[in-house]
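Tertiary structure, described
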Amino acid sequence: MVRQRTLNKKFSLRGKGLHTGQKVHITFHPAPEHFGYKIRRIDLPGRPVITASAENVRSTDRGTVLSDGDVRVGTVEHGLAALYGCGIDNCLIDVNAPEFPILDGSSIEFVNRIRQAGIRRQFAKRDYYIPKNRIEYRDEQSGAYLSLIPSDTFKIHTQICFDSDVLNVQSASLTDLSEFPDQIAMCRTFVFIKEIEPLLQNGLIKGGDLDNAIVIYDTPIPQEQFDRLADMMHVKRKNSSDLGYIMNTPLRFANEPARHKILDIIGDLSLSGKFIKGTIIAVRPGHRVNTGLARVILDDIRLTHAQNNRDTYPLKSKIV
């Protein structure tokens, strides 16, 4: 029997928000059994709390945004992936900004601090979600889909595909959740250079730089435009004729982008509220399909719970 787990003690991190560019202070606290993941906006009056649940997903544009009424918090996927990937069931997260810090664009700093804080086993039994049948979620427009197949363990196999000479088809796998801290957690987010200017114009990635993202430069652009993008991102200018990956540190794995997609899948599927026993097959995954599958799982969990309660406590009927 696997028991629920929480942190042994709290820990804090500081960084900047990827989209807002704001300075962010975030603290992860131990939490009681059956608490799940909850996020508290300590910068707002009353310190409102948002449950990290698929039903609270409000946006998936370059990150997962949760909201409850007018209270929002974004870029939650890397922090939640760290908790889930380290086997934490219950945690209260305090944040003083509308998004989590991006840190280095991966989950590794969260994971390192979880390891330092330690993990405490709780008394209550962990309740797994085990699908009865194959479940799929598709986005016909993009061709993305996630499939969940019943299994005794948690596995992910993903394939990404882009119309790019630098990053075309790439695959990655996770054969057990225990591999997450050392094989997936350090894999960084990525962006194509052609996406940067529109994102900036839409008020996003104000905190993006070459320390927290891999930039994929696959189509030559004029040096003047290349310099302008560098200035907009506050990074050093480079030669526009040099195609490839642009970042301040080398790739951590040859398939780091595909591995990062596994990281995102784990963070988004944590919004189902349970650890999963099943194999995920993901093709062109993204936050929209990831959280879509999480919502399907959540709905199935609630339906099963309602049916079990009905069987235990049958409704009384009467003849009219």
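Because the structure is a prediction, the values reported are computed rather than measured.

Notes on the sheet that holds strand S2 (residues 11-16)
The strand order across the open sheet formed by five strands is S2-S3-S9-S4-S5, and the pairing between neighbours is mixed. Edge strands, defined here as strands with exactly one partner in the open sheet, are S2 and strand S5 (49-51). In this sheet, adjacent strand axes meet at a mean angle of 20° when their direction is disregarded. Bridge count for S2 against strand S3 (residues 23-30) is six bridges, and the pairing is antiparallel. Pairing of Ser 12 across the sheet is with Thr 27, part of S3. Across the sheet, helix H2 (residues 108-117) lies against S2 and S3, angled at about 165° from S2, the strand it touches most.

Points about the side chain of Thr 291
Note that Thr 291 resides in helix H7 (residues 287-312). There is a polar contact of 3.3 Å between the side chain of Thr 291 and the backbone oxygen of Arg 288. Residues contacting Thr 291, with those up to four places away along its chain left out, are Ala 54, Val 57, Thr 60, Thr 64, Asp 268 and Leu 271.

A short note on the sheet that holds strand S18 (residues 278-283)
Pairing between sheet strands relies on hydrogen bonds along the backbone, with the strands arranged either parallel or antiparallel. Reading across the sheet, the five strands line up as S11-S12-S18-S13-S14 and stay open at both edges, with mixed pairing between neighbours. Every other strand in the sheet has two partners, leaving strand S11 (135-139) and strand S14 (169-174) as the edge strands with one partner each. Here the average twist between neighbouring strands, direction ignored, is 5°. By the bridge criterion, six bridges tie strand S12 (residues 144-150) to S18 in an arrangement that is antiparallel. Looking at S18, one finds that Tyr 145 is bridged to Val 283.

Details of the pattern of salt bridges
Under the criterion given, the structure shown has 17 salt bridges. A salt bridge links Asp 209 to Lys 16; the nearest nitrogen and oxygen atoms lie 2.6 Å apart. Here Asp 209, found in the loop between helix H4 (193-201) and strand S16 (214-217), pairs with Lys 16, found in strand S2; they are 193 residues apart in sequence, far enough to count as distant. Judged by its relative accessible area of 13%, Asp 209 is buried. The salt bridge partner of Arg 302 is Glu 55, with a shortest N-O separation of 2.9 Å. One end of the pair, Arg 302, is in helix H7; the other, Glu 55, is in the loop between S5 and strand S6 (57-59), and 247 residues separate them in sequence. Under the relative-accessibility criterion, Arg 302 is labelled partly exposed at 39%. Salt bridges here are not isolated pairs; linked through shared partners, they connect Arg 134, Glu 136 and Arg 138.

Parameters at a glance
- Residue indices follow the written sequence of each chain, beginning from 1 at its first position.
- This being a predicted model, a pLDDT of at least 70 is required before a residue's local features are given, and a value of 80 or more before pairs of side-chain atoms are given or counted; all residues contribute to the totals for chains, interfaces and linings.
- Hydrogens and water molecules were not included; the side-chain quantities draw on all heavy atoms of the structure.
- At least two DSSP bridges between two strands are required for those strands to pair.
- Helix and strand assignments come from DSSP, with helices taken as H or I runs of at least 4 residues and strands as E runs of at least 2, each series counted from the N terminus.
- Between N-to-C directions, angles span 0 to 180 degrees; the directions come from axes that are lines fitted to C-alpha atoms, helices contributing only their stretch in contact.
- A contact between two residues is defined here by any heavy atoms of the two lying within 4.5 Å.
- Nitrogen and oxygen atoms within 3.5 Å of one another constitute a polar contact, given that in protein one can donate a hydrogen and the other can accept it, and given that sequence-neighbouring residues count only through two side-chain atoms.
- Any Lys or Arg side-chain nitrogen located within 4 Å of an Asp or Glu carboxyl oxygen qualifies as a salt bridge.
- Only protein chains enter the accessibility calculation, which uses a 1.4 Å probe; a residue whose area is less than 20% of its type maximum is buried, one above 50% is exposed, and one in between is partly exposed.

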